[in-house]
Each structure stands twice: as C-alpha cells, then as structure tokens.
Amino acid sequence: MLLSKRGFEVDVFEKAPVIGGRTAALERDGYRFDLGPTFLMMKYLLDELFHDAGCRTEDYLDCVRLDPMYRLQFGDRKLMVTGNREQMKSNIDSIFPGEGKGLDAFYEREAKRFKFLYPCLQKDYCGLEAFVSLTLLKAFPHLAAGRSLYDVLSEYFESEELRLAFTFQSKYLGMAPWECPGLFAMIPYTEHAHGIYHVQGGLSEIPRAFAKAAEQNGARIHTSTAVKQVLVQKGAAIGVQLENGETHLADEVIVNADFGYAVANLFPPEARKKWTPKKLESTKYSCSTFMIYLGLDRIYEEGEHHAIFFAENYKKNLEDISVHFRKSDDFSVYIRNASVTDPSLAPAGHSALYVLVPMPNNTSGIDWEDEKERFAEKVLDFMEARTPYKNVRQHIRTQVLITPWDWENKRDIYKGATFNMGHGLGQLLNFRPHNKFEDFERCYLVGGGTHPGSGLPTIFESARIAANLISKKHAVDFTPPRPFSEPSA
Ligand SMILES: Cc1cc2nc3c(=O)[nH]c(=O)nc-3n(C[C@H](O)[C@H](O)[C@H](O)COP(=O)(O)OP(=O)(O)OC[C@H]3O[C@@H](n4cnc5c(N)ncnc54)[C@H](O)[C@@H]3O)c2cc1C
C-alpha cells in the first residue's frame, strides 16, 4: 500500500485464496470469524499508515472503540476493565479495596516509558547508527533491564490477581509475565490509555482494506499464487519463482511469510548465512493456540465482547505451556463474543463465537490429530460450567477446530508458534531478524518473526520500516514515523 502510493510497481503473491494470513476471515455456513487477531490496539497507527497511502481509515474501515474493553474472571471474582480511568479505579477498589490508587501511578510512570521506548521500535537496526541515536539514549532509563513485566507491574498493585490483570498481555507475545521483559509494560499501557478497537465485519477487514488501497494505488495482488523460492544471484535477491512454474523478476523482494517457515523453505540453502536451520533450532519460540470457532443459533447477550477466564493456578498453566511443553487440565480460556457488538458476523439472531486456549508450540510432540476432539469437549465442558455460555452445545450450528499442528502444517507457521519467535531481550531489536535481510542483498523482511515483533501494530511497523528503507535506497520521498504524542481520545 505504501510502496505503490510512492510510485513503485508492486506485485503481491499470496499462497492462500484470500488476503490476510493470520488476520484473514474464516467463513463457514453464514458465520464469519476472525482467524487470529481480535484486539486492535494503537488504532492511531493504522490512521498514519492509511494517511501515508493517501487514504483515510474511515473510508475503508468502521472501527469501534470498546468500553468496557474486557472481562477478566479469576475463580468467582470478575473484573471489568475499562479505559475510563476513574471508572477503572472504582472497579478495582470494589474488588481489591484500596488498590485503585495504583492505577494513577501506573498511568504516570508507564506514559513516560511508552513515550521514550516506542520510538525505539520504529527504528530499523540495520546499521550501527541506530545504536548511537539520541532516541535510544533517552529510552535507556525506561528499559526496565533485568526486570520482568510481572516485576514492573508489582510496583503498582499488591494483589496477585490485579497484577495478572495488567500482565496477562504478555500472552499476546506468546510469553508468561515472569519471562516477558519489563519494557512490554507498554502493552497494558497502550490498552488502557489508547483503547482497544473492534472493526465491524471483523479485524480481517484490515488486510482487505490494505489490499483495496494498494490496488487503487496500482499494486497487483495475485491470490492462490504460492512462491516456491526467492531467487538469489551473486548474493542478492533478483525475484521469485512461483509454484506454478513462472518466474517473476524484481529489483527488491519483500518476504512476509512466517520467518521460520521462510528460512526453512523459501530461501536457497546456499544463500543462508546467519539464519541457518541450525540457528532456527536454537531460537526460542512463542506458545501456540488451540482454537474453536462456533456458529451459534442464539446470541449470548450476557457474554462480553472479550472475556478471559483464568486457570485456577495460572502460573502452573503458563509453566506447563512454555517450560514443560505439555497440556494443562487446568487451562485458561479467552472467549470473543463479537456478535454483541457486530450483527454482521452471523445470520440474524445468531452469533459467531471465537474460543482460544493457549497451548505449547509443537516442541510438545502432542499428537493433535488424535487429541483434538477430546480436548474440544473439555473446553466446551469448561464453558458450560464456568462461563456465561451455559448449554452452549445445544446451540452449535457449526464448529471449526484449529490445533497447533494445523497452524504449522496447514498455515505454514514454524513449530505452530502463532506469535512467532519469543520476545526475550536476546531476540529483540538488533537480535531479531532485521527488516533488511542480513543473509543477502535486495531482500526485506516483514511480519511478526522480524523486528519489532508479533502483533498487529508491530507488524505494521515492520512494513513501514521496510517500505521506508526501500524508498530511501531509491531516493523516493516518504514520511518517517511521526514523533510520538498522546493521541486524543
Ligand atoms: C490466534 C491468534 C490471535 C491473535 N490475536 C491478536 C490480537 O488480538 N491482536 C494483535 O495485534 N495480534 C494478534 N495476533 C498476532 C497477529 O495475528 C500476528 O502478529 C500477525 O497477524 C502476523 O502477521 P504476519 O504478516 O507476520 O504473518 P501472517 O499473517 O501469517 O502472513 C503471512 C502470509 O504469507 C503467506 N505465505 C506463506 N507462505 C507463502 C508462500 N510460499 N507464497 C506466498 N505466500 C505465502 C501466508 O498465506 C500469509 O498470508 C494473534 C495471532 C493469532 C494466531
């Protein structure tokens, strides 16, 4: 979208029949689900990208700010989370007496961290100059080096459950709050300060809108057209060879496929220097997810748009996932009931329910083909017993399951690690695959397995960084990221 606006001739080759990857729509029997992302954060970033492509978000997408943002359920205690600061303080105090004041300290301290650290994620780290910048120097005191996200949030809140309410967001990166670097306190901050949005029709409307804007700017999008290999000659990419036998030559190649999968499958073995299969194996990966998408013949008005039901022993559940690589019987469940906000997702009076259970990636060796039906029944038992979705089985009209095995084998996600490689400090910034590929020239990388990391806002940044590097190389004008200022509510 950005490059076509700047006058580059762009061809997009997408293996799937629809655009969007993990952010595509899953349509079944009149129900429409988002395959992956359901929380849109930092919506102002989307506005910047559309603006840079010569468009306005509101001409393409109907974004709705959610209030309350989500329900968190710890055993029989329920916390409604809202971005309305005074209301949130009162919600906290009503369940965790005297703890509401911690929210003021959270806002005050974390606003500074966000302001100084976020611009560091917008840099490219392709050369040493990124490391000697004023931006990085100013950010240094806010790094929370050596402290986990859980440590950082423990400064504001005493209660264990409240600490979890502000740290479970590490799951968006596929990590536990105890292993997630403290700098990611930026995520709960941006949720509270800048809001969570739904897009009417589903978040899959976002890549569809990007594709539409790109085509309007002259890009050509070829769906159901898989790339077999990136062609490399004399240490530089020269184009792509397609599965259908055609060759497409280009001055620059941008790879958006899952990074681990691309290294293992799309780059010629002799061209791999730093990112060898051996290095891939020694890299740490995020968790995976077990998904159930349910088309129901009713709407559960009593179910919130977003709700998370924590395992009774959340810490053990997370250790099972990322330390022992095994299934827990005591698991956490996220349920998204978007039909309470958006009637377009299902036939009238019906609803499209999305259920996500964090699971180990395929390092676990679990035989999901054998396990999946049994595990789905356990999740349905959990829903009927511990969530507003009583008797849900009686209302199921359609059901789709996706397991960690499916993410890897049907959707080309390395090890089924849905949130890509882990986000420990040793795999961030310069240590994450650069947006200008290090192994050969004229090749750029975007997506969750590259800098700055997994999640919609960061993959948008990866795309902007790559587009700007290419524009700079070809002496084409572009707008760099704006200096951060708190967006108006
Ligand atoms: C279940 C789940 C829930 C999530 N929830 C959230 C959320 O609420 N909020 C949030 O911000 N993020 C969320 N995420 C993370 C977010 O979805 C990802 O960070 C992001 O979508 C990854 O985008 P990507 O471009 O890196 O990869 P993908 O979206 O996987 O895109 C890769 C594309 O490459 C294509 N491709 C692969 N191989 C080839 C080939 N050989 N030839 C041509 N094309 C090929 C694929 O078909 C795909 O379209 C979630 C992810 C999952 C899985």
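The rules behind these values
- Residues numbered from 1 in each chain as written.
- Predicted model: local features only at pLDDT ≥ 70, side-chain atom pairs only at ≥ 80, totals over all residues.
- Heavy atoms only, no water.
- Domains from an automatic or database assignment.
- Contact = heavy atoms within 4.5 Å.
- Buried area = accessible area lost by both parts, 1.4 Å probe.
- Salt bridge = Lys/Arg side-chain N within 4 Å of Asp/Glu carboxyl O.
- Polar contact = N/O pair within 3.5 Å; in protein donor to acceptor, adjacent residues only side chain to side chain.
- Helix = DSSP H or I, 4+ residues; strand = E, 2+ residues; numbered from the N terminus.
- Axes fitted to C-alpha atoms, helices over the stretch in contact; angles between N-to-C directions.
- Parallel < 35°, antiparallel > 145°, perpendicular 65-115°, else oblique.
- Left-handed = near helix turned anticlockwise from the far one by under 90°.
- Nonpolar A, V, L, I, M, F, W, Y, C, P; charged D, E, K, R; others polar.
- Disulfide = S-S within 2.5 Å.
- Buried < 20%, exposed > 50% of the residue type's maximum accessible area, 1.4 Å probe, protein only.
- Pairing = 2+ DSSP bridges.
- Near = heavy atom within 4 Å.

Visitor: What should I look at first to understand the domain arrangement of the chain in this one?
Guide: By convention, interface size is frequently given as the accessible area that disappears when the constituent parts associate. Domain parsing of the chain yields domain 1 (67–194) and domain 2 (288–414). Measuring from the centre of the C-alpha atoms in domain 1 to the corresponding centre in domain 2 gives 25 Å. At the junction of the two partners, domain 1 supplies 15 residues and domain 2 supplies 12 residues. Approximately 1300 Å² of surface area, both sides summed, lies buried where domain 1 meets domain 2, with 70% of it carried by carbon and sulfur atoms. On the domain 1 side of the contact with domain 2, Arg-71, Lys-171 and Trp-178 bury the most area, a combined 43% of that side's loss. Joining domain 1 to domain 2, the criterion identifies 2 salt bridges. Connecting domain 1 to domain 2 are 5 residue pairs in polar contact (both at pLDDT 80 or more). Secondary-structure elements contributing two or more residues to the side of domain 1 that touches domain 2 are strand S6 (70–74) and strand S7 (77–81).

Visitor: Would you take a moment to explain the packing of helix H5 (residues 102–121) against helix H9 (residues 186–194) for this structure?
Guide: Describing two packed helices takes the angle between their axes plus the distance from one axis to the other. Axis separation between H5 and H9 bottoms out at 9 Å; the angle between their running directions is 110°. By the criterion of interaxial angle, the relationship of H5 to H9 is roughly perpendicular. In this structure, H5 meets H9 at a crossing whose hand is left-handed. Every residue of H9 that contacts H5 at Phe-106, Tyr-107, Glu-110, Ala-111, Phe-114, Leu-117, Tyr-118 and Leu-121 is listed here: Met-186, Pro-188, Tyr-189, Thr-190, His-192, Ala-193 and His-194. Of the residues belonging to the contact of H5 with H9, the class tally is 11 nonpolar, 3 polar and 1 charged.

Visitor: Explanation requested: the state of the cysteines in the structure shown.
Guide: Going through the model one piece at a time under the given rule, you end up with 0 disulfides. Free cysteine: Cys-120, not disulfide-bonded; nearest cysteine sulfur from Cys-126 at 15 Å.

Visitor: Explanation requested: the pairing of strand S17 (residues 351–359) in the structure shown.
Guide: For a regular strand, the rule is simple: side chains alternate between the two faces of the sheet. Most of S17 is tucked away, with 9 of its 9 residues classed as buried. Both faces of S17 are covered, namely the face carrying Ser-351, Leu-353, Val-355, Val-357 and Met-359 and the face carrying Ala-352, Tyr-354, Leu-356 and Pro-358. Summarising the sheet, strand S14 (residues 288–296) and S17 pair through 9 bridges and their orientation is antiparallel. Looking across to S17, one finds that Ser-288 is bridged to Met-359. One ladder, built from 3 bridges, connects strand S16 (residues 333–336) with S17; its direction is antiparallel. Counterpart to Ile-335 in the pairing with S17 is Val-355.

Visitor: What's the story with the pairing of S7 in this structure? I'm lost.
Guide: Where S6 meets S7, 5 bridges bridge the pair, whose relative direction is antiparallel. Paired with Gln-73 across the two strands is Lys-78, which belongs to S7. Linking two consecutive strands that pair antiparallel, namely S6 and S7, is a turn of 2 residues; a positive phi of about 55° is found at Gly-75 within it.

Visitor: Please clarify how the site of the ligand should be interpreted in this entry.
Guide: Surrounding the ligand, one finds 31 residues, the nearest of these being Glu-14, Asn-256, Gly-448, Gly-455 and Leu-456. Residue Glu-14 places a side-chain N or O atom 2.5 Å away from an oxygen atom belonging to the ligand. A distance of 2.8 Å separates an oxygen atom of the ligand from a polar atom in the backbone of Gly-455. Looking at the shell around the ligand, the elements that each hand over two or more residues are S14, S17 and helix H16 (456–473). Examining the composition of the shell around the ligand, we find that 3 residues originate from one element, H16, more than from any other. Residues of the shell around the ligand, tallied by class, amount to 16 nonpolar, 12 polar and 3 charged.

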